[in-house]
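A structural walkthrough
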Amino acid sequence: MHLDGIPGFALTCAAPAKINLALHVVGQRADGHHLLESLVTFADCGDRIGLASTDADRFTLSGRFADGLPLSAENKSGNLVLRARDLLRSELTSRGMAAGPVHLHLEKNLPVASGIGGGSADAAATLRGLLMLWGASVEPAKLDAIALELGADVPMCLDGGPLLAKGIGEAITALPDLPSFPIVLVNPLVAVSTPVIFRMLINKANPPLVLPQGQNTAEGWLSAMADMRNDLEPPARELAPVIEDVSDILRAAGAALVRMSGSGATCFGLFDSDERAHQAAERISASHPEWYVCAARTTAPRVQSEAQRSL
């Protein structure tokens, strides 16, 4: 991910790709929401949010995947960056705190509807950035509630570290033993609808996710993850057969573990070195220049205090 800030903006916040290393669907609530258990990490590639104080609210876009994104915050299909701005501003102004006009810029580097949490990461980065820009703070529980109102994946993106997510995604447990891995992300640029994938699920009460105990080596975690699943992958492959082709290509490139992330169609391969990951990404890009391909590293474990969560 670019380390330099976006020119012309006071702050630039990273919105890293969310990776579901495993995703087990273990039940369904009475309101229709599915109950999940997911092993989650983040990659050092993704979108970026630029923020600057201004005389009137403004929103601009750039990046490979900016075309077609909504430009307003209207209703639940509105842009999550703007919805995050509006929800946080409403909370702060209700407390008598200043939340002035802001120019927000979304650099959209991740494919849309691709299973790696692009919109959710954008919303989380916007919340973090605005709290810094406005010099404000919100207690962690309230910030998490705002994030959850924006979407089930936003709280985990707000956390930003290796974690186990349960419930609809809001019950988060940090995983300080999950190591960083060289990773290659590949998306064939076929959009996959998350609601459609869930509707296609035949079994909605699958075996739970079992984490390795006392394990902090890459080899041990890879062995444990090999026994995990993404329960959304079979219906996604039925809807978009190219997902199987992507998986086969990653395996042929030497990945130690290959799986689809989220509801697809992005697949990832974990490699035993950064060099091999970059070589694989170069080969895949050369043979499929129309695809999204990114070699990166997953997030290293970190300790995050409550003070940091409230910014």
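The rules we used
- Residues numbered from 1 in each chain as written.
- Predicted model: local features only at pLDDT ≥ 70, side-chain atom pairs only at ≥ 80, totals over all residues.
- Heavy atoms only, no water.
- Helix = DSSP H or I, 4+ residues; strand = E, 2+ residues; numbered from the N terminus.
- Contact = heavy atoms within 4.5 Å.
- Core = buried A, V, L, I, M, F, W, Y, C linked by side-chain atoms within 4.5 Å.
- Buried < 20%, exposed > 50% of the residue type's maximum accessible area, 1.4 Å probe, protein only.
- Pairing = 2+ DSSP bridges.
- Axes fitted to C-alpha atoms, helices over the stretch in contact; angles between N-to-C directions.
- Arc of directions from axis to C-beta.
- pLDDT = per-residue confidence, 0-100.
- Salt bridge = Lys/Arg side-chain N within 4 Å of Asp/Glu carboxyl O.
- Phe/Tyr/Trp six-rings, centres within 6.5 Å; stacked < 30°, edge-to-face > 60°.
- Disulfide = S-S within 2.5 Å.

**What to know about the environment of G220**
The residue G220 is located in helix α6 (residues 218-225) in this model. Sequence separation between G220 and A52 is 168 residues; the distance between their C-alpha atoms is 44 Å.

**Here's the deal with the side chain of D122**
Relative to the elements of secondary structure, D122 occurs in helix α2 (residues 118-134). With sequence-adjacent residues up to four places away left out, D122 is seen in contact with A15, D47, I49, V81, L106 and K108.

**Concerning the nonpolar core**
In this structure, L88, L104, L127, L130, W134 and L150 are the most contacted members of the largest nonpolar core, which totals 39 residues. Where this core is concerned, the elements lending two or more residues are β1 (11-28), β2 (34-53), α1 (80-94), β4 (102-107), α2, α3 (140-150), α4 (154-159) and β5 (163-167). With nine residues, the single largest contributor to this core is α2.

**Some details on the environment of V258**
Among the structural elements, V258 can be located in strand β8 (residues 257-260). Each C-alpha atom of the pair V258 and F268 lies 5.7 Å from the other, and the pair is ten residues apart in sequence. With residues up to four places along the chain from it excluded, the contact list for V258 reads S247, L250, R251, F268 and G269.

**Brief notes about the sheet that holds strand β9 (residues 267-270)**
Strand order in the open sheet made by the four strands is β8-β9-β7-β10, with antiparallel pairing throughout. One side of each edge strand has no neighbouring strand; the edge strands of this open sheet are β8 and β10 (292-297). Each adjacent strand pair in this sheet contributes to an overall mean axis angle of 20 degrees, direction not counted. Sheet topology places strand β7 (residues 182-187) next to β9; four bridges connect them, and they run antiparallel.

**Remarks on the pairing of β7**
For β7, the tally of buried residues reaches six of six residues, placing the bulk of the element in the interior. By the alternation rule, side chains of β7 split into P182, V184 and V186 and I183, L185 and N187, which are all buried. With six bridges connecting them, β7 and β10 associate as antiparallel partners. From the neighbouring strand, P182 faces β10, where its bridge partner is R297.

**Here we look at the pairing of β2**
Among the 20 residues of β2, 17 are classified as buried, and the element is accordingly described as predominantly covered. In the sheet, β1 pairs with β2 via 15 bridges, with the strands oriented antiparallel. Bridge pairing in β2 places C13 opposite I49. In this structure, β2 lies alongside β4, joined through six bridges in antiparallel fashion. Its bridge partner lying in β4, G50 is registered against H105.

**Overview of α3**
Every buried residue belonging to α3 is among P140, L143, I146, A147 and L150, and all of these are buried. Within α3, the buried residues cover an arc of 125 degrees as seen down the axis, which keeps them to one side. In this structure, α3 carries A141 and E149 as exposed residues pointing more than 90 degrees from its buried face.

**Examining the confidence of the model for the protein chain**
Per-residue pLDDT for the protein chain averages 94, and the proportion of residues at 70 or more is 96%. The model gives residues 304-311 a pLDDT under 50, and that stretch makes 18 contacts with residues more than four places away or in other chains.

**Some remarks on the pattern of salt bridges**
Counted under the stated rule, the structure contains 16 salt bridges. Note that K108 and D122 form a salt bridge whose closest N and O atoms lie 3.2 Å from each other. Taken as a pair, K108 in the loop between β4 and α2 and D122 in helix α2 lie far apart in primary sequence, 14 residues in all. On the basis of relative accessibility, which here comes to 4%, the residue K108 falls in the buried class. Judged by relative accessible area, which is 3%, D122 ranks as buried. With its nearest N and O atoms 2.7 Å apart, the salt bridge here joins D231 to R229. Each of the salt bridges in this network shares a partner with another, and the network as a whole consists of D57, R85, D86 and R89.

**What to know about the packing of aromatic side chains**
Per the stated rule, a full pass over the model turns up one aromatic pair. Aromatic pair F65 and Y292: ring centres 6.1 Å apart, planes at 70 degrees, arrangement edge-to-face. Here F65, found in the loop between β3 (58-62) and α1, pairs with Y292, found in strand β10; they are 227 residues apart in sequence, far enough to count as distant. Accessibility expressed as a relative area gives 6% for Y292, which makes it buried.

**Remarks on the state of the cysteines**
Under the definition given, this model contains zero disulfides. With no disulfide of its own, C13 has C157 as its nearest cysteine by sulfur position, at a separation of 14 Å. Residue C13 is classed as buried on the basis of its relative accessible area of 6%. For C157, which is in no disulfide, the shortest distance to another cysteine sulfur is to C45 and amounts to 13 Å.

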